[in-house]
Amino acid sequence: MDVLLTSTAEAFRLLFSGNPEIWEIVGISFRVSSMAILAAVPPALVIAFTLAYGSFPGRRFLISLFNTFLSVPAVVIGLTLFIILSRQGPMGDFKLLFTQTAMGLGQFFLCLPILVCMAHVSLQAADRAAWETARTLGANRLRAFFTVLYEIRFGLTAALLAGYGRIISEVGASMMLGGNIAHYTRNIPTAIALETSKGAFAEGIALGIVLLFLAFVLNSLLQYVQGKGSINP
Amino acid sequence: MFRKALLMAVSLLVMGQASADASLLRLATTTSTANSGLMDMLLPKFTAETSIEVHLIAVGTGKALRLGREGDVDIVLVHARAAEDAFVDAGYGTDRADVMYNDYIIVGPETDPAGTAKSNTVAEVLQRIHASEKPFISRGDDSGTHKRELVLWQSASKSPDGSWYREVGQGMGKTLQIANEIDGYTMTDRGTWLAYESKLDIQILFEGDPPLFNPYGIIAVNPERHPDVNYPGAIKLIKWMTSPATQKMIGEFKIKGQQLFVPSVGNAS
Amino acid sequence: MIENFRIGFREISKSFGSNQVLEQTAISIASHDCIVITGNNGAGKTTLLRIIAGLEKPGHCEISLDDASPEPWRRLRKRLLKSVMYLHQQPYMFAGSLLRNIEYAARLNPALADRESSVQKAVSWAGLEGLESQSAASLSGGQKQRVALTRARLCHPQVLLLDEPTANLDSESRERTLQMLREFRDSGTAIVIVTHDPGVFSDLATSKLHLQDHRIQADDIGAADVVELDSVRQSKKR
């Protein structure tokens, strides 16, 4: 109990004492995860769209496949990429292992299935007439695509939050692919793992609270944006 | 609104991305070394002197050597003498140098139900635990510490098996906590012990026997095998680590007032 | 005004799984036409409209434009999406205000010279003034119908397809819809209406067709080949 109390106090001290190290870790966390999710959104939307509106053999199979990917442990994705990115692996020449790019790649593959599945569900729940109306009004595919995305923007926001939530807090793949290098690939989750293994529980919990706090701020911001949108449903 | 957010996100993307070149050295070391804080103290000084930035990757000994073997890092700092020699013999590494050593200790419940404190050698300690069948927690993760523990069992002519011998497959810190929770014995490196000591009820029961000494070696990855490793940088770091000034700093490094590492150069063990 | 045109759809076949909906049927649509199609539930009326609109892929369909040699549906799909407009039975309203819905359509028509005034004109044409900032989702059924027709007007389609346009409207809205459709037809737009209630459109219709046994039958003369209906159509045209 004592640990929890002191840790909470420590968390706020860390956050607001202007400790540059903690903000660097926070910055790395958000930079890498934002990079990953930004890269994942366009392909995820295209895949979700194809799965929702397309009709081609293997569609059902692909949907189940993406749903299965939802439950693949992060370390498995981490290990697979590790083998691929290692110098002896097929992509070794790019020297990506233990870089932010490698971490970002891991997070990319972690959030892709979430984005695909949740966007797919939103698209299926949406009225197909939205797409057809746009098309029959003369919108080209791309235009109609963005029109439909705007129609389901709340579902998409939820998908973004869920995807971001998974990767910002993910430790296994980040540790394996980034290597937890100080000032470079040390993000909040790997820093927590490190502090814990050092026995510095207070710092670990403090970092956890930092993560929670920032996630809360992010969520509130998005809630605010959504709230604005819902005045005119 | 959306456009602004996008702009912000893109500008985040463009920000710094370190590139791999001669001014960057990748050092794989063991978790316990990294956790001790020694390297955090030393490496910035090395960078200041040589302008070589060091990326420290903390993994288990087995993984560290593997990273070296595959050419994913430029240099390794580990403590598993037999494995290190095999690594060099196989041509994966070169220019091995002794850097320092610390020691392992045997910890367990204060009541010491196996009576280990009366032992003169670590082999005797293990024999007593084996005979009493009191719980012994093993890392069980193929780490340097785990490998050393198995060697010690061998030299005590006892095979650790039975329900009292528990392999947990966790790091040293977790292993200590588990030992603490179930009043078991375990073997730990002194650095992790010092970090965890205040949270634990278990005590040091045995220390100081030479087989418990734990030498650290630094090995450059063989450039003949991996031509694009930063070999010159690795050699610089090896020279620097074994230089008198650095050796002195290692000897003076303390956690909670206790010296953790004994410099190897000029301290034949 | 819309220039005179004729689009012939031939050998239209469509099945969903093992369920044959349309089989080797044909329909010809020309400027100033107002074709009313009746048929039982599930006869394939909506499917037919959606094929004509380019929204539903037919099993087979050949199209000839102005008596040119026929081309497969697939090749002309883009053309159909551009020049044919399909109005859902329940018009779909995009998120946002009524004005956004109408401006959306205006933005898709590059031929509109002055978009702002075109939108203004179209809104007052439909009698929707004062509702511009209202959420489109909260409009009544009749108002949504008018928004949909306003969007259509801004797109200048050659062919306007309506799926049960008066099904859920009160008599006032119905009259209004009919008046708006008449203006479409007079400007040259061809109109195809699928309905259960052909009487509503008797003044407007230039021909009546019946969809039965997967094929279009001319209602009043019972001829299978619709292309030969021209004489009937001419006599009804003013």
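Per-chain numbering applies: the sequence of each chain, read as written, is numbered from 1 onward. Here chains are named by letter from A upward and ligands by number from 1 upward, in the order in which they appear as written. It should be noted that, the model being predicted, local features are given only for residues of pLDDT at least 70 and side-chain atom pairs only at 80 or more, the latter also being counted only at that level, while totals for whole chains, interfaces and linings use all residues. To obtain the side-chain values, all non-hydrogen atoms of the structure were used and water was disregarded.

Draft legend 1. Quick look at the overall build of chain B. Regarding its fold elements, chain B presents 11 helices and 12 strands. C-alpha extents for chain B along the principal axes are approximately 65 × 55 × 35 Å. Relative to its 269 residues, chain B shows a buried fraction of 52%. Note on definitions: a residue-residue contact is assigned when non-hydrogen atoms from the two residues lie within 4.5 Å. Restricting to contacts in chain B with at least 6 residues of sequence separation, those with at least 24 account for 73%. Surface accessibility of chain B: about 11,900 Å² in total, with carbon and sulfur atoms responsible for 53%. Averaging the positions of the 26 positive and the 32 negative side-chain charges in chain B gives two centres separated by 4 Å. Helix numbers and strand numbers start at the N terminus; a helix is a DSSP run of H or I with at least 4 residues, a strand a run of E with at least 2. With a 1.4 Å probe rolled over the protein chains alone, any residue whose accessible area is under 20% of its type maximum counts as buried; one over 50% counts as exposed, and the rest are partly exposed. To be clear on the numbers: accessible area is Shrake-Rupley with a 1.4 Å probe, and residue cover counts the displayed protein chains and nothing else. His is not counted here, nor are the chain ends, while Lys and Arg score as positive and Asp and Glu score as negative. Every charge is mapped to an atom, namely NZ of Lys, CZ of Arg, CG of Asp or CD of Glu.

Draft legend 2. Broad picture of the interface of chain B and chain A. Facing 30 residues of chain B, the contacting portion of chain A comprises 26 residues. Counting each side, the surface lost to burial between chain B and chain A is near 2,600 Å², with a carbon and sulfur contribution of 57%. In what follows, salt bridge is the name for a side-chain nitrogen of Lys or Arg lying within 4 Å of a carboxyl oxygen of Asp or Glu. Viewed at the interface, chain A and chain B are joined by one salt bridge. Close ionic contact of Arg87(A) with Asp228(B) constitutes a salt bridge, the shortest N to O distance being 2.5 Å. Identification of polar contacts relies on pairs of N or O atoms within 3.5 Å, with a donor-acceptor requirement for protein atoms, meaning one able to donate a hydrogen and the other able to accept it, and with residues adjacent in sequence counted only if both atoms are side-chain atoms. Counting across the interface, chain B meets chain A through six residue pairs in polar contact (both at pLDDT 80 or more). Taken together, the elements giving at least two residues each to the side of chain B that touches chain A come down to helix 1 (2–14), helix 2 (31–36), strand 2 (53–59), helix 4 (61–69) and helix 9 (190–196) of chain B. Sorting elements by how many residues they give to the side of chain B that touches chain A places helix 1 of chain B first, with five residues. All amino acids are sorted into three groups, where Ala, Val, Leu, Ile, Met, Phe, Trp, Tyr, Cys and Pro are nonpolar, Asp, Glu, Lys and Arg are charged, and the leftover types, Gly among them, are polar. Partitioning the side of chain B that touches chain A into residue classes produces 16 nonpolar, eight polar and six charged. Summed over both partners, the accessible area (1.4 Å probe) lost when two parts come together is defined as the buried area.

Draft legend 3. Spotlight on the confidence of the model for chain C. pLDDT gives the predictor's per-residue confidence on a scale running from 0 to 100. When pLDDT is averaged along chain C, the result is 87, and 91% of the positions lie at 70 or above. Across residues 221–238 of chain C the pLDDT falls below 50, and counting only partners more than four positions away or on other chains, this stretch makes 26 contacts in the model.

Draft legend 4. Main features of the layout of surface pockets. Detection works on a 1 Å grid of protein atoms alone, calling trapped sets that fit a 1.4 Å probe cavities and calling open sets with protein on both sides within 12 Å along at least five of seven lines pockets, with lining residues defined by an atom within 4 Å of a point. Grid points are joined across faces, edges and corners, and a volume is the space filled by probe spheres set on the points. In this structure, the second largest pocket spans a volume of roughly 1,100 Å³. Elements represented by at least two residues in the lining of the second largest pocket include exactly helix 9 (172–178) and helix 10 (188–197) of chain A together with helix 2, strand 2, helix 4, helix 7 (144–155), helix 8 (172–181) and helix 9 of chain B. Partitioned by chemical class, the residues of the lining of the second largest pocket number 13 nonpolar, 22 polar and eight charged.

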